[in-house]
Amino acid sequence: MGLTAHVLAIDAGNSKTDVAVIGADGTVLGAARGGGFQPPVVGVGAAVDGLAEAVRPALARAGVDGVEHVSACLANADLPVEEQELARALEARAWGRTVEVRNDTFAILRAGVDGPRGVAVVCGAGINCVGMRPDGVTARFPAIGRMSGDWGGGSGLAEEAMWFAARAEDGRGGPTELARTLPGHFGLDSMYALIEALHLGHVPYARRHEMTPVLFATAAAGDRIARDLVDRLGDEVVAMAAVSLTRLGLLEEEVPVVLGGSVLAARHPALDRRIAELLAVRAPKAVVRVVSAPPVLGAGLLGLDHTGAAPAAHNRLRAQYA
């Protein structure tokens, strides 16, 4: 082929990878989807081999064998040192003349804003927050879990709900309907039965994410402990957003705060109200947006930002994912 396109956009999450090859005018020339990206589990080399399984068909569909710039937004790139290691691994593949690796939360942020300016809080299986300014200054958290001060995310909420429900059933804690609704979701009649089923693998570990919607439904029905957990999540979302805005010097400016991930995108009314009420106090000029565009769009827009593409190219790329 011997041809070169403009940007190779990669959005790689824990469960799937999306790739797009983008021309200089913002046109998507080729795209492909692959599996999840988990270097902590399989190692960096094997994880990048997995990316290649999606990159190769995307390049082939675009009729090119390389690009000017690779914009890769990758799960598990939580620390700058991890981004650097992954960038070196991608550079070795020679897919592009230049490579930039970011945490995948940056893709969600850029997909939800008109330019490289704003803050995003993402709550899916975990929770994370990043922010950026047009001059390249960023704000971020390690987002490694409890050891880095994180609380929330679907997995964390499920664990908290289980903790309160187990203690309610055996008498160590106060009453909560979670002791009934959580096992009931799995067709079981007690928390003991649910704990046993999870411990022995009769209920697969992967199904624990199903507890989060049950928690929200129980909170909406009036259960105090469930409501307190929902409120605490709202507190965490606003704390991360406000700290990021402060670090970026944007707290006193009108700036978008993008909410993404399965938990926040579900638009739970009580959680939405809590976030709006607290932001009105801590960051009154923040403009809340819930992102619905695919993160690979954000990776592509970051690539066009890097290469100095014209605004028309950004608009054309966004229109293709509308």
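So, how was this worked out
- Residues numbered from 1 in each chain as written.
- Predicted model: local features only at pLDDT ≥ 70, side-chain atom pairs only at ≥ 80, totals over all residues.
- Heavy atoms only, no water.
- Pairing = 2+ DSSP bridges.
- Helix = DSSP H or I, 4+ residues; strand = E, 2+ residues; numbered from the N terminus.
- Axes fitted to C-alpha atoms, helices over the stretch in contact; angles between N-to-C directions.
- Buried < 20%, exposed > 50% of the residue type's maximum accessible area, 1.4 Å probe, protein only.
- Core = buried A, V, L, I, M, F, W, Y, C linked by side-chain atoms within 4.5 Å.
- Contact = heavy atoms within 4.5 Å.
- pLDDT = per-residue confidence, 0-100.
- Parallel < 35°, antiparallel > 145°, perpendicular 65-115°, else oblique.
- Left-handed = near helix turned anticlockwise from the far one by under 90°.
- Nonpolar A, V, L, I, M, F, W, Y, C, P; charged D, E, K, R; others polar.
- Expected span 1.5 Å × (residues − 1).
- Disulfide = S-S within 2.5 Å.
- Salt bridge = Lys/Arg side-chain N within 4 Å of Asp/Glu carboxyl O.

Caption draft 1: The sheet that holds strand β8 (residues 138-140), seen in detail. One open sheet holds the five strands; their spatial order is β8-β7-β6-β9-β10, and the pairing between them is mixed. In the strand order of this sheet, the two ends are held by β8 and β10 (286-290), each with one partner. On average, each strand axis in the sheet is inclined to that of its neighbour by 15 degrees, with strand direction left out of account. Pairing between strand β7 (residues 127-132) and β8: three bridges, direction antiparallel. Directly across from M132, in β8, lies its bridge partner T138.

Caption draft 2: Unusual backbone geometry, seen in detail. Look at A143: it is not a glycine, yet its phi comes out positive at around 55 degrees. By the secondary structure assignment, A143 is in the loop between β8 and α5 (153-170). Non-glycine residue R267 carries a positive phi angle of around 55 degrees. Given the relative accessible area of 45%, R267 is considered partly exposed.

Caption draft 3: Main features of the nonpolar core. Within the largest apolar cluster, 51 residues are counted, with the highest numbers of intra-cluster contacts made by L182 and L233. The dominant element in this core, judged by the number of residues it contributes, is helix α9 (residues 224-248), at 11 residues. Setting aside residues up to four positions removed in sequence, L182 forms contacts with A161, M162, A165, M191, L194, M211 and V214.

Caption draft 4: Expanded view of the confidence of the model for the protein chain. Summing up the model confidence of the protein chain, the mean pLDDT is 95 and the portion of residues at 70 or higher is 99%. The weakest mean pLDDT in the protein chain belongs to strand β1 (residues 4-12) at 92; the strongest belongs to helix α6 (residues 178-185) at 98.

Caption draft 5: Local environment of the environment of L317. With respect to the element layout, L317 can be found in helix α13 (residues 311-320). For L317, a relative accessible area of 0% translates into the label buried. Excluding its chain neighbours within four sequence positions, the residues that come into contact with L317 are I22, G26, V28, L297, G300, L301 and L304.

Caption draft 6: Structural detail: the packing of α5 against α9. At a minimum axis distance of 11 Å, the contact between α5 and α9 shows a crossing angle of 155 degrees. Considering the angle they form, α5 stands roughly antiparallel to α9. Helix-helix and strand crossings are classified by hand; for α5 and α9 the assignment is right-handed. Contacts between α5 and α9 involve G153, L157, E160, A161 and F164 from the first element and I225, L229 and L233 from the second. Here the residues of the contact of α5 with α9 are counted per class, giving six nonpolar, one polar and one charged.

Caption draft 7: Seen up close, helix α2 (residues 44-62). Between its first and last C-alpha atoms α2 spans 27 Å; for 19 residues at 1.5 Å apiece the expected length is 27 Å, and the two agree. Taken residue by residue, α2 has A47, V48, L51, A52, A54, V55, A58, L59 and A62 as its buried positions. Once α2 ends, the next one or two residues include G63, with phi positive near 75 degrees.

Caption draft 8: Expanded view of the state of the cysteines. Taken as a whole and judged by the stated rule, the model has zero disulfides. Free of any disulfide, C123 has its nearest neighbouring cysteine sulfur in C129, separated by 12 Å. Overall, C123 belongs to the buried group, its relative accessible area being 0%. Taking the relative accessible area as the measure of exposure, C129 reaches 0% and is therefore buried.

Caption draft 9: Focus on the pattern of salt bridges. Per the stated rule, a full pass over the model turns up 19 salt bridges. Residue R33 pairs with D18 through a salt bridge whose shortest N-O separation is 2.8 Å. Here D18 lies in strand β2 (residues 16-22) and R33 lies in strand β3 (residues 28-35), a separation of 15 residues in the sequence. Among the residues examined, R33 registers a relative accessible area of 56% and is labelled exposed. With a shortest N-O distance of 2.8 Å, R110 and D305 are connected by a salt bridge. Placement of R110 in helix α4 (residues 105-112) and of D305 in helix α12 (residues 295-307) is noted, with a sequence separation of 195 residues between them. Relative accessible area serves as the criterion here: at 1%, R110 is assigned to the buried category. Put simply, K16, D18 and R33 are held in one network by salt bridges that share partners.

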